Protein chains: 2
Amino acid sequence: MKTTIYDVAREAGVSIATVSQVINGKGKISEERRQEIMQIMERLSYQPSVIASALTGKKTYTLGLLIPDISNPFFAEVARSVEDQGNQHGYSLIICSTDNKDERVERYLSLLQQKSVDGIIIGTGVENKEILNPLMESSIPTILIARDMAGLDLQTVLVDDFAGGTMAAQHLLELGHQALAVLAEDPKVSSSRERIRGFKETLVGSGIDLPGHWVQTCKDDLVKEGKLKAKALLQQTQRPTALFCCNDLLAIGALQAAKELGVKVPRDLSIVGFDNTILATVTDPPLTSVSQPTESMGKLAVDLIIEQLKTKVGSTPRRVLSPELCIRGSSAKPQQG
Amino acid sequence: MKTTIYDVAREAGVSIATVSQVINGKGKISEERRQEIMQIMERLSYQPSVIASALTGKKTYTLGLLIPDISNPFFAEVARSVEDQGNQHGYSLIICSTDNKDERVERYLSLLQQKSVDGIIIGTGVENKEILNPLMESSIPTILIARDMAGLDLQTVLVDDFAGGTMAAQHLLELGHQALAVLAEDPKVSSSRERIRGFKETLVGSGIDLPGHWVQTCKDDLVKEGKLKAKALLQQTQRPTALFCCNDLLAIGALQAAKELGVKVPRDLSIVGFDNTILATVTDPPLTSVSQPTESMGKLAVDLIIEQLKTKVGSTPRRVLSPELCIRGSSAKPQQG
DNA sequence: TTGAAAGCGCTACCAC
DNA sequence: GTGGTAGCGCTTTCAA
């Protein structure tokens, strides 16, 4: 049997109330008693039950993190940052990979509520916002990370995706590209939409068109689909000289497609990714990619949750961080004629 | 206020015991009542509290996963597999990145116990096995994944690391290499030790020596240190023509080192990695790597935990899966004199 | 077939 | 300073 607060109390010849006080450092206990009880807890290797205390004290010291896929390096990095910052304050992290599927989001959200997590960080796209209703009504501190969702009154930490798209476009335009295409994520992913909007507006601002069929969408297996769609784009008679991919996974698919088709990167095709994950540093050629400050985002998200937990009020509604363009070998001037 | 079982009972004009029974599908309830109560729960959008039920029923439906680092793609893949399989059975997953640090392992283990998780999966190295004592005494189902630990009486799911090392060596020997070196992980990581043992024994079996200073160990930032150590190896006057890296991260470091030094891979240097993560498919050149069946391992680990939960007894003590060599572009015949 | 009641381990309030 | 005690929301006998 696990040792409980009763065992400690009995052993010390005091009441459980007293033991509880020394555990929580509350109330007034004589230094003598305190020491004595601490020693007994040590000796009995007593571990207070978070479960029991949560049933009264209200805190489970657990956070939930919803992301599309923990095996996507970008989200793994975010998760690591959230984990570390949470751990700093005594919180554990429950990982929820949603594959951007509403049913999975709904299921996980319900699970997290039943488990009374202290806060939820959402970094996954949601198609039908109604599935968030139960959460909104629940008063569980919630914050959005790396995602935006209009009209939802949730604190949000994200990178300026629009600006990121702009940077990618500018870079490519400066290199002299005129025929640009895009590999997009599922339209339900707001960050992807914004990136493309930034990209497109910049092109249009320079008098360059982005035809609809040059924006290809990928949903599930990003690398695989990215490869497929990139191939389709490259096999047209009139083909793009530059490709903006909404994340590194798609860019890798594109890189593979190019290789298979004998299209040289960056000579025949420039590729720009997004997220600047470890993947971008190891590809052949290394990937030019727009970088997100994952670490700051994770830290910030946790800090905001903890603040909400304390003050019951979210201070800043939005924190928009700046992306940065990392230029590597996958982008260059287009070949002439 | 959250709706509780009392609200439902009151609304239905029955006792909480009855409601509890329909929730858990136990006891005998008239079909009529059952339907009625179900509807009321639905209407009140009642969510049973896992916390409260755990305090009695004993299950938290939460699993803990200890790994070195969630942002290492190999472990992210394992985590994803564990998450999915657990979720299948209603379990959530708490991620614990330990950086292979005993203090972190100890801290997390204690946290997980206080949270009364139903099971713990350990995929991280431990130097001082004593820190596992509290866990061993706790009767929390525990299983080791992708790790071995002698004399610990824990169910284990892993790949045959020794065989993996052998495969790497054989491959390199068959190509004709005679001067081989190794990039190792922290010796506390059993899998790394075994891989090297397999590698070394195979060399010795072919009459080739593996000098001690040609086995370099990396501990923290694997890519960075791998690069550093690889550089050191390559800058010797007498340098290896092949390098076996205990995981893909190290191999990437090696790849970077070679690039910086102008050492052509695979012409001047063959590199073999381990884990066959997504990284291996995107490097330049693509990495020859020993692959682990991450998905099966994760599934198996969860199944074994659930079995222990049910039967209180671990059936099979060890499940050893087979690695597989994926030959890609980073390994080739050594250049002649 | 249903309900009353005794906990699960802990916190917090109020007496002493 | 310290202890008694009423819950927190739920499960589970045991009676009715």
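Residues numbered from 1 in each chain as written. Chains lettered and ligands numbered in written order. Predicted model: local features only at pLDDT ≥ 70, side-chain atom pairs only at ≥ 80, totals over all residues. Heavy atoms only, no water.

The name an unreviewed UniProt entry assigns to chain A is LacI family DNA-binding transcriptional regulator, from the organism Paenibacillus hodogayensis.

**Let's talk about helix 10 (residues 222-234) of chain B**
So the rule is basically this: Secondary structure elements are taken from DSSP: a helix is a run of H or I of four residues or more, a strand is a run of E of two residues or more, and numbering for both begins at the N terminus. Each residue after the first adds 1.5 Å to the expected span of a helix. We call a residue buried when its accessible area falls under 20% of the maximum for its residue type, exposed when it is over 50%, and partly exposed in between, using a 1.4 Å probe and counting protein chains only. By definition, the arc is the one covered by directions from the helix axis to the C-beta atoms. It only takes one pair of heavy atoms within 4.5 Å for two residues to be counted as in contact.
In this model, helix 10 of chain B (13 residues) spans 18 Å end to end at C-alpha, consistent with the 18 Å of a helix rising 1.5 Å per residue. Of all the positions in helix 10 of chain B, only B:Leu222, B:Val223, B:Glu225, B:Gly226, B:Ala230, B:Leu233 and B:Leu234 are classed as buried. For helix 10 of chain B, the buried positions fall inside an angular range of 165 degrees around the axis, keeping them on one side. Helix 10 of chain B presents B:Lys224 and B:Leu228 as exposed residues on the side facing more than 90 degrees away from its buried surface. Buried-residue contacts for helix 10 of chain B involve helix 12 (278-282) of chain A together with strand 6 (180-185), strand 7 (215-218), strand 8 (242-245) and helix 11 (248-261) of chain B.

**Topic: the packing of helix 1 (residues 5-12) of chain B against helix 2 (residues 16-24) of chain B**
All names here are of chain B. Just so we agree on the cut-off: For helices, the fitted axis covers only the stretch in contact; all axes are lines through C-alpha atoms, and the angles between them, taken along N-to-C directions, range from 0 to 180 degrees. Any angle between 65 and 115 degrees counts as roughly perpendicular, while under 35 counts as roughly parallel, over 145 as roughly antiparallel, and the rest as oblique. Residues are grouped as follows: Ala, Val, Leu, Ile, Met, Phe, Trp, Tyr, Cys and Pro are nonpolar; Asp, Glu, Lys and Arg are charged; every other residue, Gly included, is polar.
Two elements in contact, helix 1 and helix 2, have axes separated by 8 Å at closest approach and are oriented at 110 degrees. Viewed along their axes, helix 1 and helix 2 adopt a mutual orientation that is roughly perpendicular. From helix 1, Ile5, Tyr6, Val8 and Ala9 reach across to helix 2, where they touch Ile16, Val19, Ser20 and Ile23. Class assignment for the residues of the contact of helix 1 with helix 2 results in seven nonpolar, one polar and no charged.

**Quick notes on the relation of the copies chain A and chain B**
Heads up, the condition is: Here the copies were fitted onto each other by least squares, based on C-alpha atoms from residues at pLDDT of at least 70 in both.
Superposing chain A onto chain B requires a rotation of 180 degrees together with a translation of 0.0 Å along the rotation axis, leaving an RMSD of 0.1 Å. Overall, the copies show the geometry of a two-fold rotation axis. Interface overlap between copies: 100% of the residues of chain A at the interface are likewise at the interface in chain B, consistent with a symmetric, same-surface contact.

**Observations concerning the sheet that holds strand 6 (residues 180-185) of chain A**
Residue and element names in this part refer to chain A. For clarity, the threshold we go by: Strand pairing is defined by DSSP finding a minimum of two bridges between the two strands.
Across the sheet, six strands lie side by side as 7-6-8-9-10-12; this open sheet has mixed pairing. Edge positions in the sheet fall to strand 7 (215-218) and strand 12 (324-326), since each of these pairs with one other strand and no more. Ignoring which end each strand starts from, the neighbouring axes of this sheet average 20 degrees apart. The sheet contact formed by strand 8 (residues 242-245) and strand 9 (residues 270-275) spans three bridges and is parallel. If you follow alanine 242 over to strand 9, its bridge partner there is serine 270.

**Examining the nonpolar core**
Filter applied, for reference: Grouping buried Ala, Val, Leu, Ile, Met, Phe, Trp, Tyr and Cys residues that are joined through side-chain atoms within 4.5 Å yields what is termed a nonpolar core.
Judged by nonpolar contacts, the single largest core of 93 residues is most densely connected at A:Phe199, A:Leu243, A:Ile271, B:Phe199, B:Leu243 and B:Ile271. Among residues more than four places away in sequence, those in contact with B:Ile271 are B:Leu243, B:Cys245, B:Ala251, B:Ala254, B:Leu255, B:Val265, B:Leu287, B:Thr288, B:Ser330 and B:Ser331. Counting residues in each nonpolar core, the second largest holds 54 residues, with A:Phe74, B:Leu93, B:Ala146 and B:Val157 among its members.

**Considering empty space enclosed by the protein**
Condition: As defined here, a cavity is a set of points on a 1 Å grid over the protein atoms alone where a 1.4 Å probe fits but cannot get out. A pocket is an open set with protein on both sides within 12 Å along at least five of seven lines, and residues line them when an atom is within 4 Å of a point. Grid points are joined across faces, edges and corners, and a volume is the space filled by probe spheres set on the points.
Applying the stated criterion across every chain, the model contains five cavities of 30 Å³ or more. As a volume, the largest cavity reaches approximately 160 Å³. As for the largest cavity, its lining consists of 13 residues, of which A:Ile51, A:Thr62, A:Lys115, B:Ile51 and B:Thr62 are closest to the centre. Going through the elements one at a time, helix 4 (50-57) of chain A together with helix 4 (50-57) of chain B are the ones with two or more residues in the lining of the largest cavity.

**Looking at the protein's contact with DNA strand C**
Which entries qualify depends on this criterion: Proximity criterion: a residue is near a molecule or strand once any of its heavy atoms comes within 4 Å of it. Counted as a polar contact is a pair of N or O atoms within 3.5 Å, where, for protein atoms, one must be capable of donating a hydrogen and the other of accepting one, and residues adjacent in sequence contribute only when both atoms are in side chains.
The local shell around DNA strand C holds 27 residues, among which A:Ile5, A:Ser20, A:Tyr46, B:Thr18 and B:Thr56 are the closest. In this structure, A:Ser49 approaches DNA strand C through a main-chain N or O atom, which is 3.1 Å from a phosphate oxygen. With respect to DNA strand C, the backbone of B:Ser30 contributes an N or O atom lying 2.9 Å from a phosphate oxygen. Mapped onto the surface near DNA strand C, the elements with two or more residues apiece are helix 1 (5-12), helix 2 (16-24) and helix 4 of chain A together with helix 2 and helix 4 of chain B.

**Considerations on the sheet that holds strand 9 (residues 270-275) of chain B**
Residues and elements named next belong to chain B. An order of 7-6-8-9-10-12 is seen for the six strands of this open sheet, with the pairing classed as mixed. Each end of this open sheet is capped by a strand with a single partner; those strands are strand 7 and strand 12 (324-326). Adjacent strand axes in the sheet meet at a mean angle of 20 degrees, parallel and antiparallel pairs treated alike. Where helix 8 (residues 161-175) meets the sheet, its contacts fall on strand 6, strand 8, strand 9, strand 10 (288-291) and strand 12, and the angle it forms with strand 9 comes to roughly 160 degrees.

**As for the domain arrangement of chain A**
Often, the extent of an interface is quoted as the loss of accessible area upon association of its parts. Filter applied, for reference: Note that domain bounds follow an automatic or database assignment of domains.
By domain assignment, chain A separates into domain 1 (5-48), domain 2 (62-159 + 293-322) and domain 3 (161-292). One C-alpha centre belongs to domain 1 of chain A, the other to domain 2 of chain A; they are set 36 Å apart.

**Topic: the protein's contact with DNA strand D**
Surrounding DNA strand D, one finds 27 residues, the nearest of these being A:Thr18, A:Thr56, B:Ile5, B:Ser20 and B:Tyr46. Looking at DNA strand D alone, sugar and phosphate atoms form 70% of those within 4 Å of the protein. In this structure, a phosphate oxygen belonging to DNA strand D sits 2.5 Å away from a side-chain N or O atom of A:Thr18. Between A:Leu55 and DNA strand D, the recorded distance is 3.3 Å, taken from a backbone N or O atom to a base oxygen. Taken together, the elements giving at least two residues each to the surface near DNA strand D come down to helix 2 and helix 4 of chain A together with helix 1, helix 2 and helix 4 of chain B. Grouping the constituent residues of the surface near DNA strand D by class yields 12 nonpolar, 12 polar and three charged.

**Examining the interface of chain A and chain B**
The criterion, for reference: Two parts placed together each lose some accessible area under a 1.4 Å probe, and the buried area is that loss summed for both. Just to be clear on terms, a salt bridge is a Lys or Arg side-chain nitrogen sitting within 4 Å of an Asp or Glu carboxyl oxygen.
Taken residue by residue, the interface counts 50 residues in chain A and 50 residues in chain B. For the pairing of chain A and chain B, the buried interface totals around 4200 Å² over both sides, and the portion due to carbon and sulfur atoms is 55%. Taken together, the links from chain A to chain B amount to eight salt bridges. Seen at the junction of chain A and chain B, the total is 27 residue pairs in polar contact (both at pLDDT 80 or more). Counting residues per element, the side of chain A that touches chain B draws most heavily on helix 6 (residues 102-114) of chain A, at seven residues. Classifying every residue of the side of chain A that touches chain B gives 23 nonpolar, 16 polar and 11 charged. Here strand 2 (residues 92-97) of chain A pairs with strand 2 (residues 92-97) of chain B via three bridges, running antiparallel. If you follow A:Ile94 over to strand 2 of chain B, its bridge partner there is B:Ile94.

**Observations regarding the pattern of salt bridges**
Oppositely charged side chains can form a pair if their charged atoms are brought close together. Per the counting criterion, the structure on display carries 40 salt bridges over all chains. One salt bridge connects A:Arg318 with A:Asp148, and the closest N-O pair in it is separated by 3.0 Å. Of this pair, A:Arg318 sits in strand 11 (residues 318-321) while A:Asp148 is found in the loop between strand 4 (142-145) and strand 5 (155-159), placing the two residues 170 residues apart along the sequence. Linked through salt bridges whose partners overlap, the residues forming this network are A:Asp69, A:Asp99, A:Arg104, B:Arg80, B:Glu83 and B:Asp84.

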